Amino acid sequence: MHEVEDVLTSRRQVAVAAVVVLYLVAVPFITTAYVTEIFFTGLVFVMLGVSWNLLAGYAGQVSLGHAAFFGIGAFVAAWVTTPTRAGLPEALSLPGAPGLVTVLFALVVGTLAAALLAAVTGPIMFRLTGHYFAIGTLALASIIKLVMVDARGLTGGSTGYYVSGYVGDDGMFLLTLAATLGIVAVTYRIVDSPSGLGMRAIHDDEDAASSLGVNPLKYKLYAFVLSSGMAGLAGGLYAQFTLYVNPDSTLNVVWMVDTLVVVILGGMGTVLGPLFGAGLFVGLDTLLRSFAGEFATTIEGALIILFMLFAPQGVYGFVIDRYRDEDEPPAATDPEAAPLEGSTPEHNE
């Protein structure tokens, strides 16, 4: 009976997921550009949340420099599609190729650039542990931001960098949706793989895992590179959708803070948590800004604190706990009411 219920529950979950995906596919065609942009922002935060959660929630390495890899992916993708404004060879934009091919090439290069930066800086960063690692990644992000702001010829400085559009907003939204689904699926596979088991081992107890033959640096670096590459992909999609990047805003620590909020609201250490967190965060932010104006941020902060106090496991954890409690059969409360061992109804009479 329980197997049948599990199958039905699984089918319901798949059906709900399919309906949500189909609705998201239809968003740019049935809503306004403003609503589409809100949903696009939500998808970006899902990618940032899932990628950061892979590093912090599963590998236990709290990085505060995630925005740097997001920004690197955005600028590298912008340089590939619009190279001449940065004084780079026009051949980078693949002249003569279809616009979609150029954009996909830019996204791949931006993703690889962010992952490469993580691979180079990771061994240095992981000489630090705990909160020192978090401070070190924040310092790395600040250095990258300062370098990008000063490199006016490449980034446009405070003026920013305008990007040539090859794919319309609708096409970029669908591409972002596909990338988001891909990142979630890949993360699921990683978490359930031996590599995911190794990451969880060093998260729980690095010394114990090391004594059992697990190489902490290997799994830390693995999670760091993958997480940063995913953030770079999100940045590249952001640049191609907005067609404008600015080192002051694109590499701003606000992206990091918002990503933290998304993961905490949704549930750290869960793959689906950031999906719930991104929806709640973006929806709450949009709603409050529509009627609270300048007080929206203050109200958001208060609500988030209350949420962390009363639902520290996040939305996903809260929902799972509620369903689990409802599915559990009631326990016997009166042991004397149970018949004695070996007795029958006739004997009790």
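For the structure, see preceding data.
Now for a quick tour of the structure. (Residues numbered from 1 in each chain as written. Predicted model: local features only at pLDDT ≥ 70, side-chain atom pairs only at ≥ 80, totals over all residues. Heavy atoms only, no water.)

### Describing the overall build of the protein chain
Link 1 in the chain: Helix and strand counts for the protein chain stand at 16 helices and two strands.
Link 2 in the chain: Taken over 349 residues, the protein chain has a buried fraction of 41%.
Link 3 in the chain: Pairs at least 24 residues apart make up 78% of the contacts formed inside the protein chain by residues separated by at least 6 positions.
Link 4 in the chain: Of the roughly 18,400 Å² that the protein chain leaves accessible, carbon and sulfur atoms contribute 66%. (Helix = DSSP H or I, 4+ residues; strand = E, 2+ residues; numbered from the N terminus. Buried < 20%, exposed > 50% of the residue type's maximum accessible area, 1.4 Å probe, protein only. Contact = heavy atoms within 4.5 Å. Areas by Shrake-Rupley, 256 points an atom, 1.4 Å probe, with all protein chains shown as cover.)

### Focus on the nonpolar core
Link 1 in the chain: Residues Phe45, Leu48, Tyr161, Leu237 and Trp255 are the most contacted members of the largest nonpolar core, which totals 76 residues.
Link 2 in the chain: Residue contributions to this core peak at 13 residues, all from helix 2 (residues 33-58).
Link 3 in the chain: Beyond its immediate chain neighbours, meaning those up to four positions away, Leu237 contacts Phe40, Met47, Leu107, Met172, Leu175, Thr176 and Ala179. (Core = buried A, V, L, I, M, F, W, Y, C linked by side-chain atoms within 4.5 Å.)

### Quick look at the packing of aromatic side chains
How two aromatic rings sit relative to each other is set out by the distance from centre to centre and by the angle between their planes.
Link 1 in the chain: Per the counting criterion, the structure on display carries 14 aromatic pairs.
Link 2 in the chain: Aromatic pair Phe45 and Trp255: ring centres 5.7 Å apart, planes at 40 degrees, arrangement tilted. Within this pair, whereas Phe45 is found in helix 2, its partner Trp255 is found in helix 12 (residues 253-266), the two being separated by 210 residues in sequence.
Link 3 in the chain: The buried category is assigned to Phe45, whose relative accessible area is 5%.
Link 4 in the chain: Residue classification places Trp255 among the buried positions, given a relative accessible area of 14%.
Link 5 in the chain: Ring geometry for Phe126 against Phe133: centres 4.9 Å apart, planes inclined by 10 degrees, an arrangement best described as stacked. When sorted by exposure, Phe126 lands in the same class as Phe133, which is buried.
Link 6 in the chain: Among the aromatic residues, ring-to-ring pairing joins Phe45, Phe70, Tyr238, Trp255 and Phe281 into one connected group. (Phe/Tyr/Trp six-rings, centres within 6.5 Å; stacked < 30°, edge-to-face > 60°.)

### Some remarks on the side chain of Asp258
Link 1 in the chain: Of note, Asp258 is situated in helix 12.
Link 2 in the chain: Comment: no salt bridge for buried Asp258; closest opposite-charge side chain is Arg289, at 7.2 Å.
Link 3 in the chain: Those residues in contact with Asp258, other than ones at most four positions away along the chain, are Phe45 and Phe281. (Lys, Arg positive; Asp, Glu negative; His and termini not counted. Salt bridge = Lys/Arg side-chain N within 4 Å of Asp/Glu carboxyl O.)

### A short note on the packing of helix 2 against helix 10 (residues 216-242)
Link 1 in the chain: Two numbers describe how helix 2 lies on helix 10: the axes approach to 7 Å, and their chain directions differ by 170 degrees. Taken as axis vectors, helix 2 and helix 10 run roughly antiparallel relative to one another. Contact with helix 2, carried on its side by Glu37, Phe40, Met47, Leu48, Ser51, Trp52, Leu54 and Leu55, involves Lys220, Ala223, Phe224, Leu226, Ser227, Met230, Ala231, Ala234, Leu237, Tyr238 and Phe241 of helix 10 and no other residues of that element.
Link 2 in the chain: Here the residues of the contact of helix 2 with helix 10 sort into 15 nonpolar, two polar and two charged. (Axes fitted to C-alpha atoms, helices over the stretch in contact; angles between N-to-C directions. Parallel < 35°, antiparallel > 145°, perpendicular 65-115°, else oblique. Nonpolar A, V, L, I, M, F, W, Y, C, P; charged D, E, K, R; others polar.)

### Some details on the layout of surface pockets
Link 1 in the chain: By volume, the second largest pocket is sized at about 610 Å³.
Link 2 in the chain: Every residue lining the second largest pocket is counted, 24 residues in all, and those nearest its centre are Thr41, Phe45, Asp258, Phe281 and Asp285.
Link 3 in the chain: Those elements that provide at least two residues to the lining of the second largest pocket are helix 2, helix 10, helix 12, helix 13 (273-291) and helix 14 (296-310).
Link 4 in the chain: Of the residues that constitute the lining of the second largest pocket, the class distribution is 13 nonpolar, six polar and five charged. (1 Å grid on protein atoms, 1.4 Å probe; cavity = no way out; pocket = protein on both sides within 12 Å on 5 of 7 lines; lining within 4 Å. Points joined across faces, edges and corners; volume = space filled by probe spheres on them.)

### Description of the pattern of salt bridges
Link 1 in the chain: Per the stated rule, a full pass over the model turns up two salt bridges.
Link 2 in the chain: In this structure, Glu206 and Lys220 form a salt bridge, with 3.1 Å as the shortest nitrogen-oxygen distance. Placement of Glu206 in helix 9 (residues 206-211) and of Lys220 in helix 10 is noted, with a sequence separation of 14 residues between them.
Link 3 in the chain: Here Glu206 falls in the partly exposed class, since its relative accessible area comes to 30%.
Link 4 in the chain: One salt bridge in this structure joins Asp285 and Arg289, with 2.9 Å as the shortest N-O distance. A residue pair is termed a helical-turn pair when its members lie 3 or 4 positions apart in one helix, as Asp285 and Arg289 do in helix 13 at four residues.

### A short note on helix 5 (residues 131-150)
Link 1 in the chain: With 20 residues, helix 5 should cover 28 Å at 1.5 Å per step; its first-to-last C-alpha distance of 29 Å lies within 8% of that length.
Link 2 in the chain: Among the residues of helix 5, Phe133, Ala134, Gly136, Thr137, Leu140, Ala141, Ile144, Met148 and Val149 are the ones counted as buried.
Link 3 in the chain: Contact partners of the buried residues in helix 5: helix 3 (66-81), helix 4 (99-125), helix 6 (152-155) and helix 11 (247-250). (Expected span 1.5 Å × (residues − 1).)

### Side note on a nonpolar patch on the surface
Link 1 in the chain: Together, Phe295, Ile299, Leu303, Ile305, Leu306, Leu309 and Phe310 make up an exposed nonpolar region whose accessible area comes to about 730 Å².
Link 2 in the chain: Among the structural elements, Leu306 can be located in helix 14.
Link 3 in the chain: Classification of Leu306 by relative accessible area gives partly exposed; the value is 44%. (Patch = residues over 30% accessible without salt bridge, like charges linked within 9 Å, V, L, I, M, F, W, Y side chains within 5 Å.)

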